[in-house]
Amino acid sequence: MAKAKKAAGDVSTEFIDSLNELHKAANRADFSKLQTRGGAVARGVDVCGVYAKVRPFLDIILRIPFIPAKAKEGIKLLMSALDTLCPR
C-alpha cells in the first residue's frame with residue numbers, strides 16, 4: 001500500500017512538473033512569430049517536446065469521471081490544436 005502511494009505521488013509530481021514546464025513554455029512563447037520546421041519551436045522552446053511529455057497525462061485526465069465536462073472539452077480542444085501543430 002505504501003509503495004502504491006509513493007508511486008502515485010511520484011507520478012503526480014512528474015505530472016505537475018510537466019504542466020509547469022508547459023505553462024512556462026506558453027508564457028515565454030511569442031505565438032505571432034511561431035516557426036514550424038518538423039515541429040513547433042517558439043523562441044528556442046520546444047513546445048512539441050513538452051507536449052509529447054504531457055500528452056499521456058492529459059489522456060488520463062480525460063478518463064477521470066468526476067472532471068467537469070467543460071474542463072474535458074477545453075483539454076480536448078487544446079490537445080487537438082497541439083496535435084495539429086506538432087506532427088508525431
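Here, every reference points to the structure presented above.
Everything numeric here is computed off the predicted structure, so don't read it as measured data. (Residues numbered from 1 in each chain as written. Predicted model: local features only at pLDDT ≥ 70, side-chain atom pairs only at ≥ 80, totals over all residues. Heavy atoms only, no water.)

### Examining the side chain of K72
- Structurally, K72 can be placed in helix α3 (residues 69-85).
- Buried and unpaired, K72 has E73 as its nearest opposite-charge partner, separated by 11 Å.
- Engagement of the side chain of K72 in a polar contact is seen with the backbone oxygen of I64, the distance being 2.9 Å. (Helix = DSSP H or I, 4+ residues; strand = E, 2+ residues; numbered from the N terminus. Buried < 20%, exposed > 50% of the residue type's maximum accessible area, 1.4 Å probe, protein only. Lys, Arg positive; Asp, Glu negative; His and termini not counted. Salt bridge = Lys/Arg side-chain N within 4 Å of Asp/Glu carboxyl O. Polar contact = N/O pair within 3.5 Å; in protein donor to acceptor, adjacent residues only side chain to side chain.)

### So, the side chain of S18
- Looking at the secondary structure, you find S18 in helix α1 (residues 2-28).
- If we ignore the near neighbours within four places in the chain, the residues touching S18 are V50 and V54. (Contact = heavy atoms within 4.5 Å.)

### Structural notes on the state of the cysteines
- The full count for this structure, using the stated rule, is one disulfide.
- A disulfide bridge connects C48 with C86, and the sulfur atoms are separated by 2.0 Å. Negative torsions about the S-S bond denote left-handed disulfides, and the value of about -85 degrees found for C48 with C86 makes this one left-handed. Pair noted here: C48 is in helix α2 (residues 47-63) and C86 is in the segment after α3, with a separation of 38 residues, a long-range link.
- Accessibility expressed as a relative area gives 13% for C48, which makes it buried.
- Given a relative accessible area of 6%, C86 falls into the buried group. (Disulfide = S-S within 2.5 Å.)

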